[in-house]
Structure formats: structure tokens, C-alpha cells
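# Structural features, examined
The lines below spell out each chain.
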Amino acid sequence: MEKDVKILAIESSCDETSAAVVVNGRNVLSNIIYSQIDIHTLYGGVVPEIASRKHIEKITQVIRQALKEAECTLDDIDAVAVTYGPGLVGALLVGVGAAKAIAFAKDIPLVGVHHIEGHIAANYIENKELEPPFMCLVVSGGHTHLVKVVDYGKFEILGITRDDAAGEAFDKVARAIGLGYPGGPKIDRKAKEGNPDAIEFPRAKVAESAYDFSFSGLKSAVLNYINQAHMRDEQINEADVAASFQKAVTEVLTEHAVAAAKEYHMDKIAIAGGVASNSALRASMKAACEKAGLTLYHPSPILCTDNAAMIGAAGYYEYINGTRHGWDLNAIPNLKLGER
Ligand code: KG4
Ligand code: ZN
């Protein structure tokens, strides 16, 4: 039997400082997440400089706690995996610096991981039977990607957003309705009291690319709707706006993902990223997949939003495929998926 591979994983690309210990990519021994959301809420969004400073304050504590909860020490760790892009450069640098220091001190391999590859790999943790190939819809605050997962670490990007990411649209619309930050979970909750068919918001199609997305037109339509109501001195029904907006987003995401799975003859679809915990998206994907005879996979909510366990899952497959980074590993804010 092959020896187990125990990876210490670190994630600090945005506003979560996280460390995890993951065995063989699928068995999570610990996943410590320190969220800075409360601090950034004061400003209505993530303030990069504050994020970097908080990561510096918390990173050592989070790593220590991850090791403690996993009941191991650095001597038991086979490799260190770390998110090195995409993300906020100052935030990424904190995790990359910590990972390099540990790998150097313990003389163990350093494996840089793409953040989106991590989100996709979050699906492996609770779905032990899931293996590539499959279609994956990655929907987060910074990204909206429709990806054909050809093999572990091998991707074909079929569609991306031309403007706002899905989560970004949720956050901006929530702010306009007055729900506050972070918008996704708040719209999700508010929409439960509303009628998704109350207002007909546009479903944007990108003419030359069937699988690309565009959410800025939808966001503008919602903002116009709210402004016009204010000009007429009318109250908007917040729950109806939230539910109708949410339906417009999730309908397009679902249609694209299912159409791509059919065209590329995939029988499995996974969803990933913060927006993958949205209840309307899960429901519409579930219904569409059942109708089309596709199996749907998704991580539980805590593994949808940023966390280090997903980096440990992706890092394991990079590690066994031979990916190794040197001491010159740097943060790459606009790292492309599949780049190493
Ligand atoms: O994956 P993530 O933690 O960070 C990025 O890599 O961007 O995603 C955060 C995004 C935020 O925009 C947040 O509003 C959104 O995911 N989000 C949701 C829900 N939970 C988080 N959007 C819609 N419904 C939710 N339940
Ligand atoms: Zn993320």
C-alpha cells in the first residue's frame, strides 16, 4: 500500500485566513477558517490593505490550530500547498510567505495552487466517488467560469464572465437594496419571502459565445428599477427584487452548465465557489440535472466559500502529478487556470 500524503494547506487570497491538514486530497483532518467579514462589513466590501494586515496577524495562529486539530506537528507533514493566485496581491503574499518559510525550514516540497482549482477540488472532499471528467460551474465573488475538468489539474475553460462575477452581482444588488455586505447570503435569505416572477429582469446572452456570461446589464436593470421607484416616491418590495434578480442569475448559470454538459457528453456536473451555496442555484441545478439525467455534485456551504481544505485537495493532485515550486514562488494576482 502506498504511503499516505499529508498536506498542510494555506489560503489567504481574499478575506479568509485559512489553514488545513488534508490526507490524500480527500480526508480533511482540520480546516481552520478565520473570516474577516465583520471588519470589511464596516466598509461595504473587502479593503485590500486591511485584509493583508489581518492575514499577517492571524496566519501563524490559524496554522498552529490546524496542526493541533489534526493532532500532528510539522514533522508529520509531507508537503505544503498554498494559493498563489488569483486574488489580492498583498493578501496572497502572506500565505505564500508562510508556506515558503515552513517548506524551507522543514525541507519539504512546496506546491503552489490556483485558487479556482481549489474551489473545483472542494467537490472531491465529500464526494469520494467523484472523478474527472466532469463539467464544473465555478461561481464566486471574483470569478464565473464554466470549466470542463478533463483530468486532475487539467481544464478547458468553456465560458467566463465578460464583466461582473456572479457573486459580485449579488453583492452589488444587495447593497442597492440596502441589505448590506456580504450580499449573496442576504439576498438568498430575503428572496425566500419574495416572488421570483414578480419582476422580469433581463437574461443576458453573449452573442458570439454560447457559454460566456454577462451580469452587468442585469445589475444595471435592477439599479434602474430601484431608482425609478425612488423617483416616483414608491417603496420597492425588497423580497420580490431579491427573488427576481436571483432567478435571473441562477437561470442563466443553470442553462449554460447543463447545455455545456450535454454538448460535451458529460454525465456529471459540479458547482463550486461561494455562490454554489445559493439555495436557488442548487434547486434549479438539481431540477435541470434530474431532467437531463445528469448527476449533480456540490460541496457543503463551508467548503463553497474560501477555505484551505479545498487547497489541500487540489494541492494533493498537483503534488502527485509532480508540481513543485521553488523559493522564488510569488503571488500572481491574475494567474490563469491551468498555468503553473
Ligand atoms: O468563493 P468565495 O468565498 O470568494 C471568492 O473566491 O470570491 O465567494 C464569495 C462570494 C461573495 O460574493 C458572496 O456574496 C457569495 O460568494 N455568496 C453567495 C452565497 N454565499 C456566498 N451568493 C449567493 N448566495 C449565497 N448563499
Ligand atoms: Zn474563492
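What you see is a predicted model; the values in this text were computed from it and never measured.

### Concerning the nonpolar core
The biggest cluster of nonpolar side chains holds 48 residues, and the ones touching the most others in it are Phe201, Phe245, Leu253 and Ile269. Elements represented by at least two residues in this core include exactly strand E6 (134-139), helix H5 (166-177), helix H6 (183-191), helix H7 (216-231), helix H8 (238-263), strand E9 (268-272) and helix H9 (279-292). By residue number, the principal contributor to this core is H8, which donates twelve residues. If sequence neighbours within four positions are ignored, Phe245 has contacts with Ala169, Phe170, Val173, Ile187, Phe201, Leu218 and Val222. Judged by nonpolar contacts, the second largest core, of 37 residues, contains Val113, Ile116, Ala272 and Ala313.

### Details of the packing of aromatic side chains
The final tally for this structure, using the stated rule, is nine aromatic pairs. With a centroid separation of 5.8 Å and 85 degrees between ring planes, the pair formed by Phe201 and Tyr225 is classed as edge-to-face. Placement of the pair is Phe201 in the loop between H6 and H7 and Tyr225 in helix H7, with a sequence separation of 24 residues. Accessibility expressed as a relative area gives 3% for Phe201, which makes it buried. Among the residues examined, Tyr225 registers a relative accessible area of 32% and is labelled partly exposed. Relative to Tyr317, the ring of Tyr316 has its centre 4.9 Å away and its plane inclined at 80 degrees; by these criteria the two rings are edge-to-face. Judged on exposure class, the residue Tyr316 and its partner Tyr317 are both buried.

### Details of the pattern of salt bridges
Summed over the entire model, instances satisfying the criterion amount to 19 salt bridges. A salt bridge links Lys54 to Glu57; the nearest nitrogen and oxygen atoms lie 2.9 Å apart. With Lys54 and Glu57 both in helix H2 (residues 48-69), this residue pair falls three residues apart, about one helical turn. Ionic pairing is found between Glu290 and Lys286, a salt bridge with its closest N-O pair at 3.5 Å. One end of the pair, Glu290, and the other, Lys286, are both in helix H9, four residues apart, so they sit about a helical turn from each other. Exposure remark for Glu290: the relative accessible area of 56% places this residue in the exposed category. Linked by salt bridges that have partners in common, Asp164, Glu168, Lys172 and Lys219 make up one network.

### What to know about the pairing of strand E2 (residues 16-23)
Within E2, eight of the eight residues are buried, which leaves it mostly tucked inside the rest of the structure. Side chains Glu16, Ser18, Ala20 and Val22 of E2 all project onto a buried face; the interleaved residues Thr17, Ala19, Val21 and Val23 project onto the opposite face, where all are buried too. Sheet topology note: the strand E1 (residues 6-11)/E2 ladder contains six bridges and is antiparallel. Across the sheet, residue Ile7 finds its bridge partner in E2, namely Val22. Between E1 and E2, which pair antiparallel one after the other, the connecting turn spans four residues. One ladder, built from eight bridges, connects E2 with strand E3 (residues 27-35); its direction is antiparallel. Residue pairing in the sheet places Ala20 in a bridge with Asn31 of E3. Hairpin geometry of E2 and E3 is characterised by an intervening segment of three residues between the two adjacent antiparallel strands and by a positive phi of about 50 degrees at Asn24.

### Description of the side chain of Arg282
Looking at where Arg282 falls in the secondary structure, it is placed in helix H9. At 7.4 Å, Glu126 is the nearest oppositely charged side chain to Arg282, a buried residue that forms no salt bridge. Dropping the residues within four chain positions of it, Arg282 is found in contact with Ile271, Ala276, Ser277, Leu296, His298, Pro299, Ser300, Pro301 and Cys304.

### Digging into the domain arrangement of the protein
Examined at the domain level, the protein breaks down into domain 1 (6-121 + 304-320) and domain 2 (132-301). Taking only C-alpha atoms, the centre of domain 1 and the centre of domain 2 are 27 Å apart. Each partner contributes residues to the interface: domain 1 has 17 residues there, and domain 2 has 22 residues. Carbon and sulfur atoms make up 71% of the area that domain 1 and domain 2 hide from each other, which totals about 1,500 Å². Considering only the surface of domain 1 that becomes buried against domain 2, Ile116, Ile120 and Cys304 emerge as the three largest contributors, covering 43% of it. Put simply, domain 1 and domain 2 have zero salt bridges between them. Put simply, domain 1 and domain 2 have six residue pairs in polar contact (both at pLDDT 80 or more) between them.

Parameters and conventions
- Residues numbered from 1 in each chain as written.
- Chains lettered and ligands numbered in written order.
- Predicted model: local features only at pLDDT ≥ 70, side-chain atom pairs only at ≥ 80, totals over all residues.
- Heavy atoms only, no water.
- Core = buried A, V, L, I, M, F, W, Y, C linked by side-chain atoms within 4.5 Å.
- Buried < 20%, exposed > 50% of the residue type's maximum accessible area, 1.4 Å probe, protein only.
- Helix = DSSP H or I, 4+ residues; strand = E, 2+ residues; numbered from the N terminus.
- Contact = heavy atoms within 4.5 Å.
- Phe/Tyr/Trp six-rings, centres within 6.5 Å; stacked < 30°, edge-to-face > 60°.
- Salt bridge = Lys/Arg side-chain N within 4 Å of Asp/Glu carboxyl O.
- Pairing = 2+ DSSP bridges.
- Lys, Arg positive; Asp, Glu negative; His and termini not counted.
- Domains from an automatic or database assignment.
- Buried area = accessible area lost by both parts, 1.4 Å probe.
- Polar contact = N/O pair within 3.5 Å; in protein donor to acceptor, adjacent residues only side chain to side chain.

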